[in-house]
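# Architecture at a glance
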Amino acid sequence: MPGDRLHRIRRHYEARVAPHRETYDILDWSSRESQEVRFTVLLQILRQAARSDHVLRLLDVGCGMTDLAGFLERHRLPVRYVGADITLGILAEARRRSPRRCLLAADVFTAPPFAARTFDATYCSGVFNLSLGNNDDFALAALPRLLDLAETVAVANFLHCRCRRKYEHCHYFDPAALGAALERRGLHVTLIDDYLENDFTLVLRRP
Ligand SMILES: C[S@@+](CC[C@H](N)C(=O)[O-])C[C@H]1O[C@@H](n2cnc3c(N)ncnc32)[C@H](O)[C@@H]1O
């Protein structure tokens, strides 16, 4: 990722880190509920993919404070969780709060530190939210790479252009346009947009 965009992402999230601040607030979600309703979409997909003889391998790109790992534990879905993020201050705070979780600093879309199909599922929640001037192009390049790393499914959520209250620093996607562009690149896309007014999820598979 070009240095100026990387610095903008890091500056935004690192400025929000404070020792006693709620994790959802550090990550710029409006509430714990809105963060977790996004995770619930993934949970339902993972439950469908789960098998009794195999623990799902899950890569959480843009893992933030690794709240997803705690959420899946509470919902009793065992996974082999790996979190990756590019914001070092966020990773340091995540490690301080949850020292046992498997975390790494990596720009997974530019220089993936894993071979293709290393995971059963790959996931991004909130990674495309900050407006960087190239969000549509970036998502179109990043999502096929997210699917490359997955054996079965890649899942990502985005802020929805239909939402009424928009923030200047955020980017809002058109799900129809993004989905169609990904289909033209050969991905099979399912849209889920019935859980929050301001959000949608794309479920990506190989055709
Ligand atoms: C809105 S927060 C969401 C964190 C977490 N996924 C959650 O839902 O709790 C977005 C996170 O994505 C990270 N991020 C943004 N762009 C990224 C990229 N290209 N690669 C990895 N992480 C990225 C940020 O550093 C930040 O921690």
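Relevant structure appears above.
Quick summary incoming for the structure in this document. (Residues numbered from 1 in each chain as written. Predicted model: local features only at pLDDT ≥ 70, side-chain atom pairs only at ≥ 80, totals over all residues. Heavy atoms only, no water.)

## Regarding the layout of surface pockets
Using the following cut-off: Both site types are read off a 1 Å grid over the protein atoms alone. A 1.4 Å probe that fits but cannot get out defines a cavity, while an open set with protein on both sides within 12 Å along at least five of seven lines defines a pocket; lining residues have an atom within 4 Å of a point. Grid points are joined across faces, edges and corners, and a volume is the space filled by probe spheres set on the points. Helix and strand assignments come from DSSP, with helices taken as H or I runs of at least 4 residues and strands as E runs of at least 2, each series counted from the N terminus. Gly falls in the polar group here, along with every residue not listed as nonpolar (Ala, Val, Leu, Ile, Met, Phe, Trp, Tyr, Cys, Pro) or charged (Asp, Glu, Lys, Arg).
Estimated volume of the largest pocket: approximately 330 Å³. Put simply, the parts of the chain that give the lining of the largest pocket at least two residues each are helix H1 (3–14) and helix H3 (32–49). For the lining of the largest pocket, the residue count by class is nine nonpolar, six polar and five charged.

## Here we look at the site of the ligand
We count it as follows: We define proximity as follows: a residue is near a molecule or strand when any one of its heavy atoms falls within 4 Å of that partner. Definition of a polar contact: a pair of N or O atoms within 3.5 Å, with one able to donate and the other able to accept a hydrogen when the atoms are protein atoms, and with sequence-neighbouring residues admitted only if both atoms are side-chain atoms. Accessible surface is estimated by sampling points in the Shrake-Rupley manner with a 1.4 Å probe; for residues, cover comes only from the protein chains shown.
Residues in close proximity to the ligand total 19 residues, the closest being Gln35, Gly62, Asp85, Thr87 and Ser125. Trp29 is positioned with one of its side-chain polar atoms (N or O) 3.1 Å from an oxygen atom of the ligand. A distance of 2.8 Å separates a nitrogen atom of the ligand from a polar backbone atom of Ser125. Summarising the interface, the protein chains cover 99% of the accessible area of the ligand, which totals 600 Å² for the free molecule. Where the shell around the ligand is concerned, the elements lending two or more residues are H1 and H3.

## Notes on the environment of Pro78
Here is the rule: Only protein chains enter the area calculation, which uses a 1.4 Å probe; residues under 20% of their type maximum are buried, those over 50% are exposed, and those in between are partly exposed. Pairs of residues are marked as contacts when any of their non-hydrogen atoms sit within 4.5 Å.
Within the secondary structure layout, Pro78 lies in the loop between helix H4 (67–74) and strand E2 (79–85). On the basis of relative accessibility, which here comes to 55%, the residue Pro78 falls in the exposed class. Leaving out residues up to four positions away in the same chain, Pro78 has contacts with Val55 and Leu56.

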